[in-house]
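Listed here are the chains, written in short residue letters.
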Amino acid sequence: MFFPLSKLIFFVLTPSNALILALVAGALLIAFGRGRRFGRGLVLAAALGLLVAGFSPLALWAALPLEERFPAFVDDGTPVAGIVVLGGGVETRLSAARDQLVLNEAGERQIALADLARRYPDARLAFAGGSAGLRPGEVSESEIVGRTADGLGLPRTRLILEDRSRNTRENAAFTADLVKPKPGERWLLVTSAWHMPRAVGCFRAAGFTVAAYPVDYRTAGPRDAVRFNSFASDGLALLDVVVKEWIGLAAYRLAGYTDAWMPAPQASSAPVESTSADGSANR
């Protein structure tokens, strides 16, 4: 029930949809002569909202806290036992229709999968992505990735494909059950930077400790806080993505799928070295 309900809620609350629906509702009120004053106010508010959301840095302000939450991954020499890449970057319908891998704006997830597979030849590779469609029997992202593995330079025999999950919580739970990570192993989690807080929260709730490997950045960092968009479509598209993510964070916390409203990097558990008065090192 949660999955189809979330689809409906996101459709209505997505900023571009909500503003357009408000614009249409206001126009109908004016056209049919009922509540014309309210209708004019609704049209004006919706039009102003589209302008602000499209051209101003509003979407960037909403994206920056998400993208800055987890720093870029730095290889400190710790062995990498495995890599988990979350779906979301594959256009399944187009890929199936055209019989080739078709990626969207989150396609960096697949690029990272191929790159990390080369850099860590002994690591296990898991791709988590079922079908986000409401109709049963739709092709999954994992199926598409499995079909096109050779084109990505991925040995099909190395890939562990999780094809049942429909959302981030299921990504975490089903992948943990599939790969059964051992205590002390280092697993990298690859997903979009703006999605990383919710993803890490779900993996922690599933008992799967992961190191964040964020990709698919939509901002250049804090300096973007004063950048205006040249095209309204850019601002609206980004705002739709990040508002959905903020709603997802709240919904997952309320549902108990994560243990924090805004999951953050965990402090290192490594012992801290201090120096005593005589200059010797203590731990």
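For the structure itself, consult the block above.
The following paragraphs examine the structure supplied in this document. Just so it is clear, the structure is predicted and the values come from calculations on it, not from any experiment. (Residues numbered from 1 in each chain as written. Predicted model: local features only at pLDDT ≥ 70, side-chain atom pairs only at ≥ 80, totals over all residues. Heavy atoms only, no water.)

### A closer look at the overall build of the protein chain
Part 1: Scanning the protein chain from terminus to terminus reveals 10 helices and seven strands.
Part 2: Dimensions of the protein chain, computed from C-alpha atoms along their principal axes, come out at roughly 80 × 60 × 35 Å.
Part 3: Contacts spanning at least 24 positions in sequence make up 69% of the contacts within the protein chain whose residues lie at least 6 apart.
Part 4: When the accessible surface of the protein chain is split by element, carbon and sulfur atoms take 59% of a total near 15,300 Å².
Part 5: Put simply, the protein chain has 30 plus and 27 minus side-chain charges, and the middle of one group is 8 Å from the middle of the other. (Helix = DSSP H or I, 4+ residues; strand = E, 2+ residues; numbered from the N terminus. Contact = heavy atoms within 4.5 Å. Areas by Shrake-Rupley, 256 points an atom, 1.4 Å probe, with all protein chains shown as cover. Lys, Arg positive; Asp, Glu negative; His and termini not counted. Charge placed at Lys NZ, Arg CZ, Asp CG, Glu CD.)

### A look at the packing of helix H8 (residues 168-179) against helix H9 (residues 196-205)
Part 1: As a packed pair, H8 and H9 sit with axes 8 Å apart at the nearest point and diverge in direction by 40°. Relative to H9, the element H8 lies oblique. For the element pair H8 and H9, the recorded crossing hand is right-handed. For the pair H8 and H9, contact is made by Thr168, Arg169, Asn171 and Ala172 and by Arg198, Ala199, Cys202 and Phe203, respectively. (Axes fitted to C-alpha atoms, helices over the stretch in contact; angles between N-to-C directions. Parallel < 35°, antiparallel > 145°, perpendicular 65-115°, else oblique. Left-handed = near helix turned anticlockwise from the far one by under 90°.)

### Quick notes on the sheet that holds strand S5 (residues 211-215)
Part 1: Judged by pairing direction, the sheet is parallel, and its five strands sit side by side in the order S3-S2-S1-S4-S5 without closing on themselves. Both edges of this open sheet fall to strand S3 (159-162) and S5, since each of them pairs with a single strand only. Looking at each pair of strands side by side, their axes are set apart by 20° on average, direction ignored.
Part 2: Direction of pairing for strand S4 (residues 187-192) relative to S5: parallel, over a ladder of five bridges. Following the sheet pairing, Thr191 is matched in S5 by Pro214.
Part 3: Here H9 sits on the sheet in contact with strand S1 (82-86), S4 and S5, set at roughly 145° to S4. (Pairing = 2+ DSSP bridges.)

### As for the pattern of salt bridges
Part 1: Following the criterion strictly, the structure yields 10 salt bridges and no others.
Part 2: Here Arg166 makes a salt bridge to Glu170, at a shortest N to O gap of 3.2 Å.
Part 3: Note that Arg227 and Asp224 form a salt bridge whose closest N and O atoms lie 3.3 Å from each other.
Part 4: Taking relative accessible area as the criterion, Arg227 reaches 36% and is therefore assigned partly exposed.
Part 5: Look at Asp224 and you get buried, because its relative accessible area is 7%.
Part 6: Each of the salt bridges in this network shares a partner with another, and the network as a whole consists of Glu105, Asp216 and Arg218. (Salt bridge = Lys/Arg side-chain N within 4 Å of Asp/Glu carboxyl O. Buried < 20%, exposed > 50% of the residue type's maximum accessible area, 1.4 Å probe, protein only.)

### Structural notes on the nonpolar core
Part 1: Counting 26 residues, the largest nonpolar core has Ile83, Tyr120, Leu154, Leu188, Val190 and Tyr213 as the members making the most contacts within it.
Part 2: Considering each element in turn, this core owes the most residues, five residues, to helix H6 (residues 108-119).
Part 3: Ignoring any residue separated from it by four or fewer positions in sequence, one finds Tyr120 in contact with Phe73, Asp75, Val80, Ile83, Arg158 and Leu188.
Part 4: Val84, Val179, Val200 and Ala212 belong to the second-largest nonpolar core, a separate cluster that totals 20 residues. (Core = buried A, V, L, I, M, F, W, Y, C linked by side-chain atoms within 4.5 Å.)

### Some thoughts on the packing of aromatic side chains
Any aromatic ring pair is given by two values, namely how distant the centres are and how the planes are angled relative to each other.
Part 1: The final tally for this structure, using the stated rule, is four aromatic pairs.
Part 2: Site record: aromatic cluster; members linked through ring pairs are Trp187, Phe203 and Phe208.
Part 3: Against the face of Phe174 rests Arg164, its NZ or CZ located 3.9 Å from the ring centre.
Part 4: The positively charged end of Arg198 is found above the aromatic ring belonging to Tyr252, 4.8 Å away from the centroid. (Phe/Tyr/Trp six-rings, centres within 6.5 Å; stacked < 30°, edge-to-face > 60°. Lys NZ or Arg CZ within 6 Å of the ring centre and 35° of its normal.)

### What about the side chain of Asp224?
Part 1: Structurally, the position occupied by Asp224 is in the loop between S5 and helix H10 (232-255).
Part 2: Each residue touching Asp224, except ones within four places of it in the same chain, is listed here: Pro57, Leu60 and Thr219.

### A closer look at the side chain of Glu67
Part 1: One can find Glu67 in helix H4 (residues 58-67).
Part 2: Among buried Asp, Glu, Lys and Arg side chains, Glu67 stands out as unpaired, with Arg218 the closest opposite charge at 5.6 Å.
Part 3: A distance of 2.5 Å separates a polar side-chain atom of Glu67 from the backbone nitrogen of Arg218.
Part 4: Of the polar contacts made by the side chain of Glu67, one reaches the side chain of Thr219; its length is 2.7 Å.
Part 5: Not counting residues within four places of it along the chain, the set of residues in contact with Glu67 comprises Ala193, Trp194, Asp216, Tyr217, Arg218 and Thr219. (Polar contact = N/O pair within 3.5 Å; in protein donor to acceptor, adjacent residues only side chain to side chain.)

Shape descriptors only; they carry no functional weight alone.
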